[in-house]
Every structure is written in structure tokens, then in C-alpha cells.
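Inside the fold
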Amino acid sequence: MKFRRIKRRKFISNIARYGAALPVAGAGLLACNQSSTKEESSLPAATESNKLNILILGGTSFLGPHQIAYAMDRGHSITTFTRGKTRPTVHQELFDNVNMLIGDRADDLSALENGSWDVVIDNSGHNVEWTKSTAALLKDRVDLYVYTSSTGVFYPYLDSDTRENVEILLEEPEGVTDEDMKIEYWYGVMKANSELAARKEFGDDRTIVVRPTYMIGPADKSNRFIHWPVRLSRGGDILVPGKEQDPVQYADVRDIAGWMIRLIEEKKAGTYNGVGPEAPQTMPEFVREAGGAFDVSSNYVQVDDYEFLKEHDVEHIVPWIMPEGNNYGSARINNEKALATGLTLRPPRETVRDTYDWWYSDALTDEKRNEYEQDGTVVLNREKEILQDWAERG
Ligand SMILES: NC(=O)c1ccc[n+]([C@@H]2O[C@H](COP(=O)([O-])OP(=O)(O)OC[C@H]3O[C@@H](n4cnc5c(N)ncnc54)[C@H](OP(=O)(O)O)[C@@H]3O)[C@@H](O)[C@H]2O)c1
């Protein structure tokens, strides 16, 4: 039991650190750079008159470098604001041409006191006060505020087909004793109030809020999704958690990044759920499609008993989150508005392949890989035992 709580806590704290939808160099990197869907690549690049000066609060971790690559490719120029601690693991070469401002959202915004930009993208908004301060400081020197929120604002996920305009919680409910749930409530409420803080300063017509679901792809340091690229590459008997019809939602980080830049170019103020795939998908469908990334022989073993999975500490392997209780609707978010405004989504086999290439590239150290691949608590290393129990159980 103790073991189970630690594992769950690790996952929840990842939500707080990396965001989520909770609901959670080399050839590969070139692929990160260049992969684009038909719709994206057919768009004209910016001309001199519509080149944008973009300020990114954050920008050096997961989503940021992909936004930078897409925006620079289209002729825009980039300034980032960070503490200078996080190093990008994709598109490193582009940062020679990024104006990198150093400060701290907690207590040092001096680098942002001068200058003007067409748009600010707030990726590092993990505190309502931070967004309040930067929005207030920048509102007369920047045209548009883009807040990277999360579908986590919909927690608890009790409904299906959740649209952008449903009421969301602005206060954490009292009386919640479960520590993990408290973190999930905190994250959703923090994101919801940060959205409001941006809107309050910039107004509805100068604010874009994007609420991504789980973003997956190269540069994801959370280790939430890496199970699938590593596991699917090995073939053999592969545990597929959940019931046949369990829904999954996710989006390649590069698809979210490109779409956000296009929303900005078109100044499409509003709130958008950033959710894929385009059509509803079940977990077995996801695994089969993603498995196409590798030329190996695989046998997918569906383990569809939630109680058995809980007993074996398997309640989530992103993109699968056990869809019950407060997580019933975490993968049942409506994405019509996103699709109508140009969100295009690449197939999961492409994401899985590129993430695999990134994971085994020089961008990461052996230490980082081993931290995950030799961790006895992750499903990757417990799968054989779980499948044996499953077989014995009949
Ligand atoms: N990952 C997902 O699946 C997911 C899903 C939904 C929503 N989101 C949201 O997406 C957003 C983007 O996440 P990301 O990891 O891709 O962001 P990012 O912009 O790529 O990286 C986070 C950045 O914040 C900077 N930072 C952290 N603390 C700071 C501070 N005190 N002052 C100044 N800068 C600071 C980091 O640089 P330094 O460390 O150098 O300061 C880093 O550049 C987040 O708001 C997250 O909540 C993520």
C-alpha cells in the first residue's frame, strides 16, 4: 500500500511540475525540427510586415523549443525569459538566435521592464501571482497575451464532451483530505485563476488561452510517456492497461506548438482545448497504431480488470488514465474548436518514433535514461511479473 502511494504521488507531483491534462541530436532531432503536417507546411511564411516579435516566458524546456522552432521557421523573432537553469534538449542550435533574458518570475522581473513585443506566451505560469505580475507589467507594451493553461482546469473530470465554456472551479473545495486530489485541485484552480488574471489585464480581445491535454513527444522530461516508445520498440508480450473501450487523449507537443503560433499570427483571441487525436480513440487502438513505429513482433495483452490493475499499482500509463471517479472524463474533452481553428494532429506512431530517437540521442545522458529504465517501480520493469499474475489468475 505504501509503495502505491509513493508512485501515485510521483505522478501527481509531475502534473504540478510539468502540467497536464490530467487529468499527467541526430536524426531524431532533425525529425523534431522538420515534421509538419500538410496543412501547416502549406501556410505561407511571414512577410516583413507580419513578422512578429514574440516574448516567451519560459521557452527552454518542452513546449517552448518547439514553439521557437516553428515560429523562427516562419520568420518571427524570439525573446525568452527564464532563470537560465533549464537547457533545451531539442533545437539547441536555434538558441544562438534567441534573445535570452534572465530573471525570476518569483522576484525579479527587471529584465522585462523595458522593451515591447507583439505577443507574450506565458508557458511558465505555475503561480497566479506570476501571471498577474507579468500581465500587469506588459499590458501597455505587448499586444497579445497567450496563456498556456491545461485541461487540468476541468478537474474533477466528471463529464463527457467537455467544452471550453463549461464552468470551472476557481476555489479549491474544502474538506478534501486525499493529498493527491488536493494537488490536482490546486493545479486546476491555479490554471483557471491565471487565465482570469491574464484576461483581466489584457481584455478578452487581446488574450488567447490554450488548454493542452497531455502533450507527448521529444523533449518531454517528465518520463510520463516514455514507457510506450521504449516498450513498443522491444516487442513481445505487451501489457495494454484498461478496458477495451477506455478512451485516451493526447497531442504531439509539436502540433500544439505550431497551432499556437498560427493562432497568434491570426490573433484569434479566445479559449481553446488543445486536444487530440482528432476522432475518439481507445487505448487498444492507440497502442496498435503507435506500435507501427517499430518493425518488431508484438502480442498485445489487454488487462481489463481495474481492481487487478490497482492491486498491481497500474492506474495510469499516459495516455491511459484509469477513467473512473474524478478521472472519468479526463480523456473525454471536446476538441471541435481546436480542430476548427487549425489544430492538426500527426499519427501516434510518428510521435512514438521521434520520442524514441530523442530518448536515445546525445541530447540525454545515460544517467537520465537509466534513472527511468532501471527504476524497479516503473511498469516497464514490472510488466513481466504483472502479466504472469494475470495469466495465473486466468
Ligand atoms: N506537459 C504537458 O503535458 C502539459 C499539459 C498541459 C499544460 N501544460 C502547460 O504547458 C506549459 C509549458 O510547459 P513546458 O514545460 O513545455 O514549458 P517551457 O516553457 O518549455 O519550460 C518551462 C520554463 O519555465 C522556466 N522557469 C521555471 N521557473 C521559472 C521562474 N521562477 N522564473 C522564470 N522562468 C522560470 C524554465 O527555465 P528556467 O528553469 O531556466 O528558469 C523553462 O524555460 C506549462 O505551463 C504547463 O503547465 C503542460
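Residues numbered from 1 in each chain as written. Predicted model: local features only at pLDDT ≥ 70, side-chain atom pairs only at ≥ 80, totals over all residues.

**Here's the deal with the overall build of the chain**
- Helix and strand content of the chain: 14 helices and 14 strands.
- For the chain, the proportion of its 394 residues judged to be buried stands at 46%. (Helix = DSSP H or I, 4+ residues; strand = E, 2+ residues; numbered from the N terminus. Buried ≥ 20, exposed ≤ 12 C-beta atoms within 10 Å, placed from the backbone.)

**Overview of the sheet that holds strand S1 (residues 53–57)**
- If you trace the 7 strands from one edge of the open sheet to the other, you get S3-S2-S1-S4-S5-S6-S10, paired in parallel fashion. With partners counted over all chains shown, the strands left at the sheet margins are strand S3 (99–102) and strand S10 (270–274), one partner each. Averaged over all pairs of adjacent strands, the angle between strand axes in this sheet comes to 20°, irrespective of strand direction.
- Both strand S6 (residues 207–212) and S10 contribute to a ladder of 5 bridges, which runs parallel. (Pairing = 2+ DSSP bridges. Axes fitted to C-alpha atoms, helices over the stretch in contact; angles between N-to-C directions.)

**Quick word on the confidence of the model for the chain**
- Averaged over every residue, the pLDDT of the chain is 91; residues scoring 70 or more account for 89%.
- In the predicted structure, residues 1–8 sits below a pLDDT of 50 and forms 6 contacts with residues beyond four places in sequence or in another chain.
- Low pLDDT (under 50) marks residues 20–39, which in the prediction has 65 contacts with non-local residues, meaning those over four places away or in another chain. (pLDDT = per-residue confidence, 0-100. Contact = placed C-beta atoms within 7 Å.)

**As for the pairing of strand S9 (residues 247–252)**
- Within S9, 6 of the 6 residues are buried, leaving the element largely enclosed by the surrounding structure.
- Where strand S7 (residues 215–216) meets S9, 2 bridges bridge the pair, whose relative direction is parallel. Counterpart to Ile216 in the pairing with S9 is Asp252.
- Relative to strand S11 (residues 276–282), S9 runs antiparallel, the two being bridged by 3 bridges. Pairing of Tyr250 across the sheet is with Gly276, part of S11.

**Let's talk about the sheet that holds S9**
- What the 3 strands build is an open sheet, ordered S7-S9-S11; its pairing is mixed. The open sheet has two free edges, formed respectively by S7 and S11, since each of these has just one partner strand.
- The sheet strands contacting helix H8 (residues 253–265) are S7, S9 and S11, and the helix crosses S9 at an angle near 60°.

**Structural notes on the packing of helix H9 (residues 283–291) against helix H12 (residues 348–359)**
- Contact pair H9 / H12: the axes reach a minimum separation of 7 Å and the direction vectors enclose 60°. By the criterion of interaxial angle, the relationship of H9 to H12 is oblique. Crossing handedness for the pair H9 and H12: right-handed. For the pair formed by H9 and H12, the contact residues are Phe286, Glu289 and Ala290 on the first element and Pro348, Arg349 and Val352 on the second.
- The class makeup of the residues in the contact of H9 with H12 is 4 nonpolar, no polar and 2 charged. (Parallel < 35°, antiparallel > 145°, perpendicular 65-115°, else oblique. Left-handed = near helix turned anticlockwise from the far one by under 90°. Nonpolar A, V, L, I, M, F, W, Y, C, P; charged D, E, K, R; others polar.)

**What to know about the packing of helix H4 (residues 63–73) against H8**
- Contact pair H4 / H8: the axes reach a minimum separation of 8 Å and the direction vectors enclose 50°. Taken together, H4 and H8 sit at an angle that is classed as oblique. The handedness of the crossing between H4 and H8 comes out as right-handed. On H8, the residues touching Leu63, His66, Gln67, Tyr70 and Ala71 of H4 are Val253, Arg254, Ile256, Ala257, Gly258, Met260 and Ile261.
- Grouping the amino acids of the contact of H4 with H8 by side-chain chemistry returns 8 nonpolar, 3 polar and 1 charged.

**Concerning H9**
- Where H9 is concerned, the buried positions are Met283, Phe286, Val287, Ala290 and Gly291. All buried residues of H9 lie within an arc of 125° about the axis, which places them on one face of the element. (Arc of directions from axis to C-beta.)

**Quick word on helix H7 (residues 227–234)**
- Listed as buried for H7 are Trp228, Pro229, Arg231 and Leu232.
- Looking at the buried side of H7, the elements it contacts are strand S8 (236–241), H9, H12 and helix H14 (379–393).
- One or two steps after H7, the chain reaches Gly235, where phi turns positive at roughly 65°.

**Here we look at unusual backbone geometry**
- That bond from Tyr155 to Pro156 is cis: its omega, 0°, falls within 30 degrees of zero.
- When you line up the elements, Pro156 lands in the loop between strand S5 (142–148) and helix H6 (179–202).
- The omega torsion of the bond from Gly276 to Pro277 falls at -5°, within 30 degrees of zero and hence cis.
- By secondary structure assignment, the location of Pro277 is in strand S11.
- Its identity as a non-glycine residue notwithstanding, Lys267 has a phi of 45°, on the positive side.
- Position of Lys267 among the secondary structure elements: in the loop between H8 and S10.

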